[in-house]
Amino acid sequence: MKIYETATAPNPRRVRMFLAEKGLLDQVEFIEVDIAKGENLTPEFVAMNPMKKVPVAVLDDGTSLAETMAICRYVEEAHPDTPKLLGDSPKQKALIEQWLRWVDFYLMAPVGMCFQHTSGYFKDRMNCFPDYGQDCFGAAEKFLAFLNDHLKDKTYILGDNFSAADINAFATVGFARVVKLRIGADQEHLQAWYDRINQRASAKV
C-alpha cells in the first residue's frame, strides 16, 4: 500500500499513528505531497482524490481510498489479528464511532477552520474570514474543557481501552498549537492523558 500524505498535517499523522499501533508502518510506502505548492491540486492527485485532500491510500490493486477513517477502517479489517483500535464488540465500536465524530465535528473542524481563516496559509485558493476563524477557536476551546472533564476518572477516552478515538484527539490537540490553542494550566486531566499518549512509540512517527 502507498499513502500520499503531508507529514506535518494532522490527518496523515492520525493514519501513521494508527499504522504504528497496528505494527504495519514498515509495510507502507509514504509519498510526500507538498500542499503549500499545490501538489494536491494536480490532475494526477485529483484522479486519486477529487476532494484534493491528504491522506490518500492506494491499494495493491490500484484502488484509491481517501479520508482518514476510511483508510483506518480498511487497515483494521485487513489486519484483524493486530491490536483492534476500532472496537471488538458492538458497544465498543459504537462508542468509538461516537467519539470519532465528536472529535471531528467539535475539535478538528473548528481548529482547521481557525487555521484556514486566520493563518493566511490558503489565501491564494480560498476566501478567508478571520472573524469566523476566531469564533471557531472559541468552539475548540470549549471542547477541550469538555474533554478535560470527561477524562477526570479515565485513562483513555473509552476508559481503560486505548483506541482510534485517542489517536484522533491526540493528533488534533497537537495540531491546535498552530493556532496557539493549548491545553490550559487548569486542565490537568487532559494534560495527563496527552502526556500518557505522548509516551507511546506511535506518537513519535
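Whatever comes next refers back to the structure up there.
Residues numbered from 1 in each chain as written. Predicted model: local features only at pLDDT ≥ 70, side-chain atom pairs only at ≥ 80, totals over all residues. Heavy atoms only, no water.

Participant: Talk me through the overall build of the protein; I want residue IDs and the actual numbers.
Facilitator: Along its length, the protein carries seven helices and four strands. Secondary structure elements of the protein occur, N-terminal to C-terminal, as β-α-β-α-β-β-α-α-α-α-α. For 205 residues, the compact-globule estimate of 2.2 N^0.38 gives 17 Å, and the C-alpha radius of gyration of the protein, at 17 Å, lies within 12% of that figure. Projected onto the principal axes, the alpha-carbon positions of the protein cover approximately 50 × 45 × 30 Å. Taken over 205 residues, the protein has a buried fraction of 47%. Contacts in the protein between residues far apart in sequence, at least 24 positions, make up 65% of those at least 6 positions apart. Looking at the protein as shown, the accessible area adds up to about 10700 Å², and 52% of this sits on carbon and sulfur atoms. Across the protein, the 24 positively charged side chains and the 28 negatively charged ones have centroids separated by 3 Å. (Helix = DSSP H or I, 4+ residues; strand = E, 2+ residues; numbered from the N terminus. Rg over C-alpha atoms; globule rule 2.2 N^0.38 Å. Buried < 20%, exposed > 50% of the residue type's maximum accessible area, 1.4 Å probe, protein only. Contact = heavy atoms within 4.5 Å. Areas by Shrake-Rupley, 256 points an atom, 1.4 Å probe, with all protein chains shown as cover. Lys, Arg positive; Asp, Glu negative; His and termini not counted. Charge placed at Lys NZ, Arg CZ, Asp CG, Glu CD.)

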